[in-house]
Amino acid sequence: MAVNPSPQPPLLQTASGQAAPARGGRSQQEQQPPWLLCAQRGEIDVWQLGQAGALGQVSQPEEGSLLTAAAAPQHLLRLVAQSGRHVVAACLSQDRRWLAYSDSQRVSCFALERQPADGAAPSEHVVPLSVPLPADLPPACHLAFRPGGTELVACSSDGTLR
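Predicted model, so just to flag it, every value in this text is computed and none were measured.

Parameters and conventions
Residues numbered from 1 in each chain as written. Predicted model: local features only at pLDDT ≥ 70, side-chain atom pairs only at ≥ 80, totals over all residues. Heavy atoms only, no water. Helix = DSSP H or I, 4+ residues; strand = E, 2+ residues; numbered from the N terminus. Buried < 20%, exposed > 50% of the residue type's maximum accessible area, 1.4 Å probe, protein only. Contact = heavy atoms within 4.5 Å. Areas by Shrake-Rupley, 256 points an atom, 1.4 Å probe, with all protein chains shown as cover. Pairing = 2+ DSSP bridges. Axes fitted to C-alpha atoms, helices over the stretch in contact; angles between N-to-C directions. Phe/Tyr/Trp six-rings, centres within 6.5 Å; stacked < 30°, edge-to-face > 60°. 1 Å grid on protein atoms, 1.4 Å probe; cavity = no way out; pocket = protein on both sides within 12 Å on 5 of 7 lines; lining within 4 Å. Points joined across faces, edges and corners; volume = space filled by probe spheres on them. Polar contact = N/O pair within 3.5 Å; in protein donor to acceptor, adjacent residues only side chain to side chain. Core = buried A, V, L, I, M, F, W, Y, C linked by side-chain atoms within 4.5 Å.

For the protein, the count of helices and strands is zero helices and twelve strands. Reading the protein from its N terminus to its C terminus gives the helix and strand order β-β-β-β-β-β-β-β-β-β-β-β. The buried share of the protein, taken over its 162 residues, is 31%. Long-range contacts, defined as pairs at least 24 residues apart, comprise 47% of the intrachain contacts of the protein with a sequence gap of at least 6. When the accessible area of the protein is evaluated, it comes to approximately 10600 Å², of which 54% is carbon and sulfur surface.

Attention now goes to the sheet that holds strand S2 (residues 35–40). Spatial ordering of the open sheet is given by S1-S2-S3-S6, a layout of four strands whose pairing is antiparallel. Taken across any chain shown, the strands that pair with only one partner, and hence form the sheet edges, are strand S1 (12–15) and strand S6 (74–80). Across the sheet, the mean angle from the axis of one strand to that of its neighbour is 20°, orientation sign disregarded. Taken together, the four bridges between S1 and S2 define a ladder with antiparallel strand orientation. Pairing of Gln13 across the sheet is with Leu37, part of S2.

Considering all chains together, one arrives at one aromatic pair under this definition. Consider the rings of Tyr101 and Phe110, whose centres lie 6.2 Å apart with planes at 10°: the pair is stacked.

Taken as a whole, the second largest pocket encloses approximately 160 Å³ of empty space. Taken together, 13 residues line the second largest pocket, and the ones lying closest to its centre are Arg106, Val107, Ser108, Val131 and Leu133. For the lining of the second largest pocket, the elements supplying multiple residues, two or more each, are strand S9 (107–115) and strand S10 (125–131). Sorting elements by how many residues they give to the lining of the second largest pocket places S9 first, with four residues.

Structurally, the position occupied by Asp45 is in strand S3 (residues 43–48). When its relative accessible area of 5% is taken as the criterion, Asp45 is described as buried. A distance of 2.9 Å separates the side chain of Asp45 from the side chain of His75, its partner in a polar contact. At a separation of 2.7 Å, a polar atom in the side chain of Asp45 contacts the side chain of Arg78. If near-sequence neighbours (up to four positions away) are discounted, Asp45 is found in contact with Leu36, Leu37, Cys38, His75, Leu77 and Arg78.

Our next topic: the nonpolar core. One finds Ile44, Leu99 and Leu112 to be the most contacted residues of the largest nonpolar core, which totals 18 residues. For this core, the secondary-structure elements that each account for two or more residues are S2, S3, S6, strand S7 (89–92), strand S8 (98–102) and S9. Residues contacting Leu112, with those up to four places away along its chain left out, are Trp35, Leu77, Leu92, Arg96, Arg97, Trp98, Leu99, Val126, Val127 and Pro128. Judged by nonpolar contacts, the second largest core, of 13 residues, contains Cys109, Leu143, Phe145 and Ala154.

Unusually for a residue other than glycine, Arg41 sits at a positive phi of about 50°. Positionally, Arg41 belongs in the loop between S2 and S3. Unlike most non-glycine residues, Arg96 shows phi in positive territory, near 65°. Following the sequence through the fold, Arg96 ends up in the loop between S7 and S8.

What follows concerns the pairing of strand S12 (residues 152–156). If a strand is regular, its side chains alternate between the two faces of the sheet. Across the five residues that make up S12, a large majority, four, are buried. One ladder, built from five bridges, connects strand S11 (residues 140–145) with S12; its direction is antiparallel. Bridging from a neighbouring strand, Leu143 pairs with Ala154 of S12. Counting the residues that bridge the hairpin from S11 to S12 gives six residues, and of these Gly148 lies at a positive phi of roughly 70°.

Keep in mind that these numbers describe shape and distance, not what the molecule does.
Rendered as structure tokens:
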């Protein structure tokens, strides 16, 4: 199997925030709106998607009709790649605790900490905390977090999987 030397990574990825159920039980995490990762050029943005309001009617709405919004989308984070480098690949873990991206030089990984609004930031936001990666990890053309885990899978342009 050959790796495409110039893959077209998805520009968008969603993360539901649903943690993997514990053995023999269910996740206790409440249902929250999904997050949306958007990677383009040298920037990565993370948004919390809005929520549709209550329909207020017993029947299903007509196909194509607009729903009222109960909550607007909220911008949570913007990461800018070093020295204006182009982001080649980016991913967000489904539990929304990890974000990784690769440019042409290296892979970067961050633990995401959600912070409430305060005097410095008027709205809820996310703080990225850098996570060290192995020094021999080459730049990646595709990244993914293993479902329910904290392991990052990186596919480099030479076809190696780490």
